[in-house]
There are 2 protein chains.
Amino acid sequence: MREPSRPPTFSAEQLEKARDLAQRVLAGERRAVARAISLVEDGDALSAEVVSRLYECTGRARTIGLTGPPGVGKSTLLSGMIRECRAQGLSVGVVSVDPSSPFTQGAVLGDRIRLSEHFLDPGVFIRSMGTRGHLGGLAEATLQAALVLDAAGKDVVFVETVGVGQSEIEVASIVDTVVLALMPGSGDSIQALKAGVMEIPDIIVVNKKDHPAADVTYNEIRGILALNDHRGGWEAPLLTTNALTGEGVAEVWEQIAAHQEYLRAEGHLDRRRGENLEKEVLALSVREVERWLERRIGQDPRLDSVLEEVRARRLDPLSAVRHVLKDVLDISA
Amino acid sequence: MREPSRPPTFSAEQLEKARDLAQRVLAGERRAVARAISLVEDGDALSAEVVSRLYECTGRARTIGLTGPPGVGKSTLLSGMIRECRAQGLSVGVVSVDPSSPFTQGAVLGDRIRLSEHFLDPGVFIRSMGTRGHLGGLAEATLQAALVLDAAGKDVVFVETVGVGQSEIEVASIVDTVVLALMPGSGDSIQALKAGVMEIPDIIVVNKKDHPAADVTYNEIRGILALNDHRGGWEAPLLTTNALTGEGVAEVWEQIAAHQEYLRAEGHLDRRRGENLEKEVLALSVREVERWLERRIGQDPRLDSVLEEVRARRLDPLSAVRHVLKDVLDISA
């Protein structure tokens, strides 16, 4: 194993603490899982140490991304899917990064009551990621939290994100299966699918099927999917649900299972995961570079002078980019 | 003026050509403008040389971003605003980066006929940016094209982008005023505004005001804006239009003018432009780093080995990021 390039600031005591916490996560201890994810969310440097120790035990969970615009009922749908999993004896972990989700601070009382059955179930671990209050990025925190839940032995890990057209968090690169939830009235997302500005996910669900416009919405999306060239691969199924009553939710879970089966056949799963991990490492590296550059503003006279020249219209933005790459980052593009 | 860190590959002849083209753009020659933007779109290295020579003459145009989901009628609205500008004797440049826009290849015949009045007007220059076929990024190309039009003396430069929830191109950082166009049925975007996952733009337009649901949409957005804390600054106006008949379009143009006035008062415009340019340089630098990293896959054994370790679950993604930053990019985060 490659030696982690850890910051040299950890004391022997801290490393011992990280080792101990990792062991307890691997044993599936609920409080350890909560503690590890809190470290992740706080951007605590020790969390990276913990996750690095867990990583070799990840990759066992089925990971599912649930994305869609605010208000379509993602959380209620998720709640129904958790129930399906539990009925099949599968343990579940949830990371929610939707600021409008009832799993987060913005919970409406009714929602919390509806979801409370899962909060009390020892086989379910639900955690929302705040969009504030952590030093690292939300994307890193989400990935790390999902890895913790995977390492803790959860059979299924859901990642709930808010996505309108394009996801705020690129959930696709950290999960095996992407489920897009829409509803009657999701005109913008449907137009985005039609215009090709939004990628076709693995599964599409139209929630609120009791709504009078549900059929129109269903047919509109079906028309788009019919034109989609799935290249002989997975053909994204379109399902309807009424998450409030639970109608159709079992079928969504069946299709998720079918997609996972499809991925396993002929090694698609390994390939997808390999590609995802590669994309994720590059994306997170680039974000780190961005943060690094932002921190250097006001600190690095070369960077400040380049930016000042641009503001004064003496140096054009693209030449400035070349200067940043060459003088500040010392790479030649 | 800082010496542009130009690639050393330009011959004296090429530099002469760039100088000549830049001069002709500054003189407002239509063919030169077209040629310069073609170079930009093709990702031709010479385009950077041309734009670097134009840059000191930019900053005179009013720049307006028009964004919104596909299908809301952005292009028709834009067409109406161009008419307003022309009636006031203002020359206009348009960069359209909406793949679903009639200004691009996907034009519906009726749209093209409707817009053809502007194509033939020498005071209007319209150019769509393809999403393929250029080596550089779309964001760079859009910025560069807008700079060319500004330098060519256009009084007003519009940048049309498709945006669903979050813009594909961060148009906000290259323009003075952002106009978001929605329509009845734009449920997802409205939910995204409400949930705070989409930023409040400078001006919101509800197009297709003759639609039966237009009032509901209008009131919904008004409710969101009423709750928005504009910190005593610009209060985003909400307007309705019927772009097909031209109804309400003059008012949109008035509000754009009012916003530009607001920006000019107390130096807001300079500050916003300065911040925009800074953001843009950092964002484009980061994108260049991303491309640089992608090119190194399969070329740089250190990068390949890091990615292989991650795929094999021997090195966790965040430790991998640290390796990429330290070993491949040689910066310590």
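Residues numbered from 1 in each chain as written. Chains lettered and ligands numbered in written order. Predicted model: local features only at pLDDT ≥ 70, side-chain atom pairs only at ≥ 80, totals over all residues.

Caption draft 1: View of the overall build of chain A. Summing up its helical and strand segments, chain A has 12 helices and 8 strands in all. A sequence separation of at least 24 residues applies to 73% of the contacts in chain A between residues at least 6 apart. (Helix = DSSP H or I, 4+ residues; strand = E, 2+ residues; numbered from the N terminus. Contact = placed C-beta atoms within 7 Å.)

Caption draft 2: Structural context of helix α6 (residues 138–151) of chain A. Residues and elements named next belong to chain A. Compared with an ideal rise of 1.5 Å per residue, which puts 14 residues at 20 Å, α6 spans 20 Å between its outermost C-alpha atoms and is within 8% of the ideal. Most of α6 sits inside the fold, with 13 of its 14 residues counted as buried. Looking one or two places after α6, you find G153, whose phi comes out positive at around 95°. (Expected span 1.5 Å × (residues − 1). Buried ≥ 20, exposed ≤ 12 C-beta atoms within 10 Å, placed from the backbone.)

Caption draft 3: Looking closely at helix α3 (residues 45–54) of chain A. By the criterion of burial, α3(A) is predominantly enclosed, with 9 of the 10 residues buried. Turning to α3(A), its buried residues are A:L46, A:S47, A:A48, A:E49, A:V50, A:V51, A:S52, A:R53 and A:L54.

Caption draft 4: Quick peek at the pairing of strand β6 (residues 177–182) of chain B. All names here are of chain B. Within β6, 6 of the 6 residues are buried, which leaves it mostly tucked inside the rest of the structure. Because side chains alternate across β6, one face comprises the buried residues T177, V179 and A181, and the other comprises V178, L180 and L182, equally buried. Summarising the sheet, strand β1 (residues 62–68) and β6 pair through 4 bridges and their orientation is parallel. In the sheet register, I64 faces β6, and the bridge partner there is T177. Note that β6 and strand β7 (residues 203–206) share 4 bridges and pair parallel. (Pairing = 2+ DSSP bridges.)

Caption draft 5: The relation of the copies chain B and chain A, seen in detail. Once chain B is rotated about the relating axis by 180° and shifted along it by 0.0 Å, it coincides with chain A to within an RMSD of 0.0 Å. Taken together, these values place the two copies in the relation of a two-fold axis. Taken as a fraction of all interface residues of chain B, those also at the interface in chain A reach 100%, which identifies the copy contact as same-surface. (Least-squares fit on C-alpha atoms with pLDDT ≥ 70 in both.)

Caption draft 6: Molecular detail of the packing of helix α2 (residues 30–41) of chain B against helix α6 (residues 138–151) of chain B. Residues and elements named next belong to chain B. The interhelical angle for the contact between α2 and α6, taken along N-to-C directions, is 165°, at an axis separation of 9 Å. It follows from the interaxial angle that α2 and α6 lie roughly antiparallel. Considering the relative orientation of α2 and α6, their crossing is right-handed. Residues V33, A36, I37, V40 and E41 of α2 form the contact with α6, whose participating residues are A141, Q144, A145, V148 and L149. Considering only residue class, the contact of α2 with α6 consists of 8 nonpolar, 1 polar and 1 charged. (Axes fitted to C-alpha atoms, helices over the stretch in contact; angles between N-to-C directions. Parallel < 35°, antiparallel > 145°, perpendicular 65-115°, else oblique. Left-handed = near helix turned anticlockwise from the far one by under 90°. Nonpolar A, V, L, I, M, F, W, Y, C, P; charged D, E, K, R; others polar.)

Caption draft 7: A look at the nonpolar core. If you look at the biggest cluster of nonpolar residues, it comprises 185 residues, and the most contacted ones within it are A:V148 and B:V148. Ignoring anything within four residues of it in the chain, the contact list for B:V148 reads B:V25, B:V33, B:A36, B:I37, B:V40, B:V51 and B:L54. (Core = buried A, V, L, I, M, F, W, Y, C linked by C-beta atoms within 7 Å.)

Caption draft 8: Broad picture of the interface of chain B and chain A. Listed by partner, the interface residues are 73 residues for chain B and 73 residues for chain A. Of all the secondary structure elements, the ones that give two or more residues to the side of chain B that touches chain A are α3 (45–54), α6, β4 (156–164), α7 (187–194), α10 (268–296), α11 (301–311) and α12 (317–328) of chain B. Take the side of chain B that touches chain A: its biggest share by element is 15 residues, from α10(B). When its residues are assigned to classes, the side of chain B that touches chain A shows 35 nonpolar, 19 polar and 19 charged.

Caption draft 9: Region of interest: the pairing of strand β7 (residues 203–206) of chain A. Residue and element names in this part refer to chain A. A two-sided burial pattern is seen for β7, the buried positions comprising I203 and V205 on one face and I204 and V206 on the other. Tracing the backbone out of strand β6 (residues 177–182), into helix α7 (residues 187–194) and back to the parallel element β7 gives a crossover that is right-handed. Relative to strand β8 (residues 238–240), β7 runs parallel, the two being bridged by 3 bridges. The partner of V206 across the bridge, within β8, is T240. (Right-handed = clockwise from strand over helix to strand, strands pointing away.)

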